[in-house]
Amino acid sequence: MDEFERHGIGVVTGRDACARALRSAELTSDPGGGSPSVLLRDGEDHTRLRAVLREIIAGLEPVPADLRTSIETTVTGLGTSFDLVRGFARPVAGAVTSALLGVPLDDVFLDHLEATTANLDVFGGVDRAGQASAFRLAVQLSRTPAGPGGLTALREAHAAGRLDEDELMFTPVVLAHAAYENSLNFLAGAGLQLATSGPRTVRELVTAICPARYVLRFGPDGPVAISLADGLPFGLGRHACPGSGVAVAEGEIALAALAKVLAVGCRVGEVRWKTHPVFHGPERAVVTLASGDG
Ligand code: HEM
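This report concerns the structure included in the present document. (Residues numbered from 1 in each chain as written. Predicted model: local features only at pLDDT ≥ 70, side-chain atom pairs only at ≥ 80, totals over all residues. Heavy atoms only, no water.)

Quick look at the overall build of the protein
The helix and strand inventory of the protein stands at 11 helices and six strands. The C-alpha atoms of the protein give a radius of gyration of 19 Å, which matches the 19 Å a tight globule of 294 residues would have. Overall, the protein is about 60 × 45 × 35 Å in size when its C-alpha atoms are taken along their principal axes. Across the 294 residues in the protein, those meeting the buried criterion constitute 48%. Placing the 26 positive and 34 negative side-chain charges of the protein at their respective mean positions leaves the two points 3 Å apart. (Helix = DSSP H or I, 4+ residues; strand = E, 2+ residues; numbered from the N terminus. Rg over C-alpha atoms; globule rule 2.2 N^0.38 Å. Buried < 20%, exposed > 50% of the residue type's maximum accessible area, 1.4 Å probe, protein only. Lys, Arg positive; Asp, Glu negative; His and termini not counted. Charge placed at Lys NZ, Arg CZ, Asp CG, Glu CD.)

Here it is as structure tokens:
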């Protein structure tokens, strides 16, 4: 919270006050400056862009059989000792993001995608490395031949006059980041809970972990950070997460498979948490299965 105050950002907490703020017509997601990102605008342009994204996300509802199999194969193939972030959450969130866009995504791509977090920074996007990563991915995706899926759908929407040039350039990265970052942090945090305190439903876990801690809005009295930690993990109102169904389904598949892997018993060590004020999740958490103790 100090971090926000230091930057002159007000903070709203408590479920009712946050729900009201998220639904308020006085608070906008648009900081000005004409960003092409769906997350940073409101009004008709936001509605138009969001409708295209909803159509794309619907392609993963329900989760296609080959994506389900690929998630289960990844988790079943975890060795006797693995990092819940790099070994479990990253390949699962990466597979879903890849299926969403309809393009293969390698480790270099995912490294840059994680670096763009800084670029979505609530404090004015002063992180040049994060901006360079986001730009690099935008250029890379603009040159990537795409199969059926989100990238092709965005190109078709552009051809049909539903997206302008800038939106076509940046929406693939914004969508990839939205699908990847929160899921990565959620899956790693949920895996850690599973390993240390036993089973809970995915809905309970996502509320408890709340990987996106705050959303930023701009009002008559300046910027405000609205807390999502009091039971609103997917937000609310005009920008409420359109991928929540996919996120929950992905969590159910991956965490059910992980629960089977952990059933032999395990130890957890080297737990470190990220320190980002908005994106919350483990940095590293190493699980060693009982059978791997030697
Ligand atoms: C546990 C995982 C996830 C969490 C906690 C989460 C949370 C959120 C939250 C809180 C917002 C609202 C931001 C705001 O109000 O400014 C949001 C927006 C969004 N999310 Fe998710 N999300 C998750 C996974 C996903 C997935 C898997 C997808 C895609 C399949 C996705 C796509 C999006 C998009 C496109 C937006 C922008 C919506 C808009 O601005 O209108 N998210 N997400």
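The rest of the description comes next.
Observations concerning the site of the ligand
Taken together, the neighbourhood of the ligand is formed by 24 residues, with His46, Arg50, Arg217, His239 and Cys241 sitting nearest. One of the backbone N or O atoms of Ala178 is found 3.5 Å from a nitrogen atom in the ligand. His239 has a polar side-chain atom sitting 2.7 Å from an oxygen atom of the ligand. Looking at the shell around the ligand, the elements that each hand over two or more residues are helix H3 (44-58), helix H9 (165-197) and strand E3 (214-219). Here the shell around the ligand takes five residues from H9, the largest share from any one element. Its residues assigned to classes, the shell around the ligand shows 15 nonpolar, six polar and three charged. (Near = heavy atom within 4 Å. Polar contact = N/O pair within 3.5 Å; in protein donor to acceptor, adjacent residues only side chain to side chain. Nonpolar A, V, L, I, M, F, W, Y, C, P; charged D, E, K, R; others polar.)

Quick look at helix H10 (residues 202-209)
Along H10, the positions that sit buried rather than exposed are Val202, Leu205, Val206 and Ile209. Down the axis, H10 shows its buried residues gathered within 95° of arc, on one side only. Tucked into the core, H10 has its buried residues touching H9 and helix H11 (244-262). Positioned one or two residues after H10, Cys210 has a phi angle of 45°, which is positive. (Arc of directions from axis to C-beta. Contact = heavy atoms within 4.5 Å.)

Here we look at the coordination of the iron atom of the ligand
Donation to the iron atom of the ligand from the protein comes from one atom only, Cys241 (SG), at 2.3 Å. Topologically, Cys241 is positioned in the loop between strand E4 (222-227) and H11. (Donors = N, O, S within 2.8 Å, 3.2 Å for Na, K, Ca; no water.)

Some thoughts on the sheet that holds strand E1 (residues 10-12)
A sheet is described by the order of its strands in space; here three strands give the open sequence E1-E4-E3, paired in mixed fashion. With partners counted over all chains shown, the strands left at the sheet margins are E1 and E3, one partner each. Adjacent strand axes in the sheet meet at a mean angle of 30° when their direction is disregarded. For E1 and E4, the ladder comprises three bridges, and the chain directions are parallel. Within E4, the residue paired with Gly10 across the bridge is Val224. (Pairing = 2+ DSSP bridges. Axes fitted to C-alpha atoms, helices over the stretch in contact; angles between N-to-C directions.)

Considerations on the layout of surface pockets
By volume, the second largest pocket amounts to about 260 Å³. Contributing to the lining of the second largest pocket are 13 residues, with Glu114, Thr117, Glu181, Lys274 and Glu283 lying nearest its centre. Counting only elements with at least two residues in the lining of the second largest pocket, the list comes to helix H5 (84-101) and helix H6 (107-115). Sorting elements by how many residues they give to the lining of the second largest pocket places H5 first, with three residues. Here the residues of the lining of the second largest pocket are counted per class, giving four nonpolar, three polar and six charged. (1 Å grid on protein atoms, 1.4 Å probe; cavity = no way out; pocket = protein on both sides within 12 Å on 5 of 7 lines; lining within 4 Å. Points joined across faces, edges and corners; volume = space filled by probe spheres on them.)

As for the pairing of E4
Pairing between E3 and E4: six bridges, direction antiparallel. Within E4, the position partnered with Leu216 by the bridge is Ala225. Between E3 and E4, which pair antiparallel and follow one another directly, the connecting turn spans two residues.

What about the sheet that holds strand E5 (residues 266-273)?
An order of E2-E6-E5 is seen for the three strands of this open sheet, with the pairing classed as antiparallel. What marks the edges here is a single partner per strand, and that holds for strand E2 (81-83) and E5. For this sheet, the mean inter-axis angle between neighbouring strands, taken without regard to orientation, is 10°. In terms of strand pairing, E5 meets strand E6 (residues 282-289) through six bridges, oriented antiparallel. Bridged to Trp273 within E6 is Pro282.

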